[in-house]
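# Tertiary structure, described
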Amino acid sequence: MKVLKFGGTSVGTVDTIKQVISILENNLAQGERMAVIFSAMGGVTNRLIEIGRMASAGQAEYLELLKAVEERHFATIRGLLNVKNQSTTFAAVKGLFNELEDLLRGVSLIRELTPRTLDLIMSFGERLSTTIITEALKHRGIATEYCDARSLIRTNDHFGLAEVDFEITNRQILEYFAKTSALPCVTGFVASTADGITTTLGRGGSDYTASIFGAALDAEVIEIWTDVDGMMTADPRKVPNAFTIPSISYAEAMELSHFGAKVIYPPSLQPAFAKNILIKVLNTFNTAFEGTLVHRSANGKEYAITGISSIDDVALVNIQGSGMIGVAGISARLFTALSDHRISVILISQASSEHSICFTIDPRNADRAREVLQKAFEAEIAVGDIDSISIEKNLSIIAIVGEGMKKSTGVSGKLFSVLGKNGINVIATAQGSSELNISVVLSKNDLSKALNAIHGVFFQSETRSLNLFIVGVGLIGGTLLEQIRNQTTYLRDEKFLKLNVAGLTNTKKMLLEPDGIDPTRWRDELDELGVKTSLPAFVQRIIELNLPNSVFVDCTSDKDIVYYYGDLLDANISVVTPNKVANSGRYAEYLQLQRMALHRGVKFLYETNVGAGLPIINTIQGLMASGDKFLKIEAILSGTLSYIFNTFGPGVRFVDVVREAKAKGYTEPDPRDDLSGTDVARKILILAREVGVPLEPEDIAIAQLLPDNCQQAPSIEAFFAELEASNDYFEKLLTDAQAQGEVLRYIATLENDRATVELRTVGPQHPFYTLSGSDNIVSFTTERYKDRPLVVKGPGAGAEVTASGVFADIMSISSYLG
Ligand code: ADP
Ligand code: ASP
Ligand code: MG
């Protein structure tokens, strides 16, 4: 004997019912003896409740909704049966709707919807679906029989969640099956009292019906047919990476479903559990898939936990007061009061100081809970022993579940650390003493992020992902995307890292795509799917999306974008940028960003602010962290100026060198922007701050390189003319240097907390003497590198090296994910 149960999603439409019929026919072809339980068509139970409530509120529109439900069932009949076979089914279904309409009319007249009447109203859902499917099976030549479970399952009168009398129920089921040889099609969810009054078994209760029948009949298996591939590591609607759990223990399944994995309904397992009956969770729409087996005991598992589930909407009640400390019986009274009023408590946590107790409940019960507690503790509140009962809403609970937790340590550490790293605040927590589950209460806003991040560390620790939001897809951003594209396979296969480009924007269009923009097609996707750029909206959306491991990559040199860094860091989003603006403004602003990142546990990385991809800032930070002291920094930090002075030599005119540099694209459109030294000043300012010298922009002494006539020329052409006219001036600089055997170099220096930027001459013993091309060079003299400085040298400009520096910063965040 086999018991099969088809949920609302499996019997929701004509097509899905056809699929169900084919599953049943296959079973029959193999000679299986079966009982089949059906839910109401998907969504119908909710609709019936809504209609009942409207009727009791005197809203006449309930009739329209009822008509729509009726029409849905009629359409199903038309879709499943030939015209000539439809009439009896139509008559039966119409009869049920007439009965329901009468009932609702009564409700709307007396303006009252009792739990008892609601149960009767809800029962129509299963009665209708089962009637239609039974008829459809009959007309395919299958010997079937409509079986109203109300005549077999006996319960008490706790309407809405009635308790089963197993003795009578089991006997009635066995008697029924002894008599019938046809295939029984059983209405799920419904039952009745000794007086024949209709009751229901709780939402999702058709699973329970299946379990009751399975246990009574000693079935060898109960198959729960639904719309997903079995019981999964998390709700696939919320965690796209969730996957099927091939086998799970009863206890784990109970725990998971208690915390919202509604694929099976918690008490439904109990009767089957007691009799050690195998339960399979299978997919109606993927019949070949083996689904999930639910066993008495857990098998050896690959992962530390078995699954994650959540209750999306809970309220947290916190009751506190110094008068509660050490007073026996407070919690007993508290929970008795709640249970007397049928307010069920989902999770409890008490601080060991006993100063407060908090627990979560269904938010719909929140106001009632407050009243009940105020009444129960009236005396304590009056004398101030209890000073407050507060209720916080818009919260969710996440539970991680698994027998494996008993054996492995560090599970909760891992849980809290991933939440922490994603900036998710845990409001309350509880661990069951069975060590089967750890639950956390958090803000509903963080639910999706938390579920996915937790799923990531427990089930996909192999592959981690970073969600990148890239602003500016010009030279640097574009190159970065190309590098990402080229590295995708390597990073996935070798580093188990997925770089997910979740957002992109250029000056015209922006695109946010949490599932990832294809880095090979980003130009087209941005063009086709993007909307008009608005930076505030882009940032706002990134914060709202709240994806785990988010990184904002600013590849612009925009001055205003930096105002968003603070908000982003504050929302636990790391920031990576070659843009110097944020770090070279006021010191207080620089410090604030540093502190914010530290405080939020995220990264603010800007290695490419100075010397493009060269490891300059990382070197400083490494030395600082290990306790070295900086005595002096000397640096050539402009590729342009490096090129100009490395090329300017005997037999070449200065103006020609500058012209050539401009022609090669090394300079800004107006070369004076380079020659003025302000860009170099910004860079040394940043280095100063990194070594702990809190300078302001105006503290950097820039010695003007150009004579006034050049500096003040009204146009670029005029500037070149003045440069030519000043040839002697530059010649003299050169010959004076040569006379001493030295060369000209444009050097930024930090020494004794003072920073200067100036043209200097250096001799052959100086590390900068042999510099060539457009290389940057930095020499650090520290306590540890006193005799010979630590020198970092290499190309310090260009899209390739800058993008790869940005890439390296992004990679360093990935290693921090652990
Ligand atoms: P049915 O109509 O078959 O009773 P339900 O809607 O009650 O189906 O339950 C199936 C749904 O449960 C799935 O569509 C899925 O979104 C949800 N669900 C929640 N948690 C889980 C989980 N851990 N594994 C599988 N499904 C889950
Ligand atoms: N139709 C009922 C409900 O929606 C029972 C079930 O589907 O299991 O709760
Ligand atoms: Mg269900």
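Further up the page is the structure itself.
Everything in this summary refers to the structure shown in the same document. Numbering of residues begins from 1 in every chain and follows the order in which that chain's sequence is written. Chains carry letters from A onward and ligands carry numbers from 1 onward, assigned in written order. Whole-chain, interface and lining totals are the exception, using all residues; otherwise, since this is a predicted model, local features are given only for residues with pLDDT of at least 70 and side-chain atom pairs are given and counted only at 80 or more. To obtain the side-chain values, all non-hydrogen atoms of the structure were included, while hydrogens and water were left out.

## Let's talk about the overall build of the protein chain
Helix and strand definitions follow DSSP, with helices as H or I runs of at least four residues and strands as E runs of at least two, each counted in order from the N terminus. Broken down by element type, the protein chain carries 28 helices and 29 strands. Values of the radius of gyration come from C-alpha atoms, whereas the globule rule sets the reference at 2.2 Å times the count of residues to the power 0.38. For the protein chain, whose C-alpha radius of gyration is 36 Å, the value lies well above the compact-globule estimate of 28 Å for 818 residues. Counting only C-alpha atoms, the protein chain reaches 120 × 70 × 55 Å along its principal axes. The buried share of the protein chain, reckoned over its 818 residues, is 53%. Total accessible area on the protein chain stands at roughly 35100 Å², and carbon and sulfur atoms take up 50% of it. Positive charge is attributed to Lys and Arg, negative charge to Asp and Glu, and no charge count is given to His or to the chain ends. A charged residue contributes its charge at one atom only: NZ of Lys, CZ of Arg, CG of Asp or CD of Glu. Across the protein chain, the centroid of the 77 positively charged side chains sits 4 Å from that of the 97 negatively charged ones. Partly exposed residues are those whose accessible area sits between 20% and 50% of the maximum for their type, while under 20% is buried and over 50% is exposed, using a 1.4 Å probe and protein chains only. Accessibility throughout is a Shrake-Rupley quantity obtained with a 1.4 Å probe, and a residue counts as covered only by protein chains that appear here.

## As for helix α16 (residues 522–529)
For the α-helix, the turn length of 3.6 residues means that residues three or four positions removed from each other point alike. Where α16 is concerned, the buried positions are W522, E525 and L526. Take α16 and look down its axis: the buried residues cluster within an arc of 100°, on one side only. Opposite its buried face, α16 presents the exposed residues R523, D527 and E528, each directed more than 90 degrees away. Its buried side turned inward, α16 meets α15 (475–495), β18 (497–505) and β19 (509–512). Starting at the helix axis, one direction is taken to each C-beta atom, and the arc is that of these directions. Any pair of residues with heavy atoms lying within 4.5 Å of one another is described as a contacting pair.

## What to know about the sheet that holds β18
Here seven strands make up an open sheet; going across it, the order is β20-β19-β18-β17-β21-β22-β23 and the pairing mixed. Of all the strands in the sheet, the pair left with one neighbour each is β20 (531–532) and β23 (604–605). Between any two strands, pairing holds if DSSP finds at least two bridges. Of the strand pairs in this sheet, strand β22 (residues 574–576) and β23 are connected by two bridges, and their pairing is parallel. Paired with V576 across the bridge in β23 is L605. Sheet contacts for α15: β17 (464–471), β18 and β21 (550–554); angle to β18, the most-contacted strand, approximately 155°. A fitted line through C-alpha atoms serves as each axis, taken over the contacting stretch for helices, and the angle formed by two N-to-C directions is quoted from 0 to 180°. On top of the sheet, α16 reaches β18, β19 and β20; it is set at about 100° to β19, its chief contact.

## Considerations on unusual backbone geometry
Located in the positive-phi region is F189, a residue other than glycine, with phi close to 75°. Tracing the chain through its elements places F189 in the loop between β4 (183–187) and β5 (190–192). A residue is classified by how much of its surface remains accessible, and F189, at 3% relative accessible area, is buried.

## Focus on the packing of aromatic side chains
For Phe, Tyr and Trp, rings pair up if their centres lie within 6.5 Å, where Trp contributes its six-membered ring, and each pair is then called stacked (planes under 30 degrees apart), edge-to-face (over 60) or tilted (otherwise). Under the defined criterion, the tally for this structure stands at 22 aromatic pairs. When the ring of F648 is compared with that of F654, the centres are 5.0 Å apart and the planes differ by 70°; the resulting orientation is edge-to-face. Assessed through its relative accessible area of 6%, F648 is described here as buried. Members of the aromatic cluster, each reached through a chain of ring pairs, are F645, F648, F654, Y729 and F730. The residue whose ring lies beneath R296 is F273, and the NZ or CZ to ring-centre distance is 5.5 Å. We call a charge positioned above a ring when the Lys NZ or Arg CZ atom is no farther than 6 Å from the ring centre and deviates by at most 35 degrees from the ring normal.

## Observations concerning the site of ligand 2
Residues are labelled near a given molecule or strand when at least one of their non-hydrogen atoms is within 4 Å of it. The immediate surroundings of ligand 2 are formed by S39, T45, E126, F189, R203, G204, G205 and S206. Contacts described as polar in this section are N or O atom pairs within 3.5 Å, which, within protein, must combine one atom able to donate a hydrogen with one able to accept it, while residues neighboring in sequence count only if both atoms come from side chains. Between S206 and ligand 2, the recorded distance is 3.0 Å, taken from a backbone N or O atom to an oxygen atom. In terms of residue class, the shell around ligand 2 is made up of one nonpolar, five polar and two charged. Charged means Asp, Glu, Lys or Arg here, nonpolar means Ala, Val, Leu, Ile, Met, Phe, Trp, Tyr, Cys or Pro, and polar covers whatever is left, Gly included.

## Structural notes on the environment of L347
As for its placement among the helices and strands, L347 is situated in strand β12 (residues 345–350). When the C-alpha atoms of L347 and L771 are compared, they prove to be 68 Å apart, with 424 residues separating the residues in sequence. Setting aside residues up to four positions removed in sequence, L347 forms contacts with C358, F359, T360, I397, A430, S439 and V441.

## A look at the packing of helix α10 (residues 330–340) against helix α11 (residues 366–376)
Two elements in contact, α10 and α11, have axes separated by 10 Å at closest approach and are oriented at 135°. Between α10 and α11, the angle is such that the two are oblique. Relative to α11, α10 is oriented so that their crossing is right-handed. On α11, the residues that touch R333, L334, A337 and L338 of α10 are A369, V372, L373 and A376. Considering only residue class, the contact of α10 with α11 consists of seven nonpolar, no polar and one charged. When an angle is under 35 degrees it counts as roughly parallel; over 145 it counts as roughly antiparallel; between 65 and 115 it counts as roughly perpendicular; any other value is oblique. Two helices that cross are described as forming a left-handed crossing if the nearer one is turned anticlockwise from the farther one by less than a right angle, and a right-handed crossing if clockwise.

## A look at the side chain of N572
For N572, the location among the structural elements is in the loop between α18 (565–570) and β22. At a separation of 2.9 Å, a polar atom in the side chain of N572 contacts the main-chain carbonyl oxygen of R600.

## Quick notes on the pattern of salt bridges
The salt bridge definition used is simple: a Lys or Arg side-chain nitrogen within 4 Å of an Asp or Glu carboxyl oxygen. Overall, the coordinates contain 38 salt bridges when judged by the stated rule. Measuring nitrogen to oxygen at the nearest pair gives 2.7 Å for the salt bridge that ties R150 to D148. With respect to class, R150 is no different from D148; both count as buried. The partner of D656 in a salt bridge is R653, and the shortest N-O contact between them spans 3.1 Å. Judged by its relative accessible area of 30%, R653 is partly exposed. What emerges from the salt-bridge pattern is a single network uniting R521, D524, E525 and E528.

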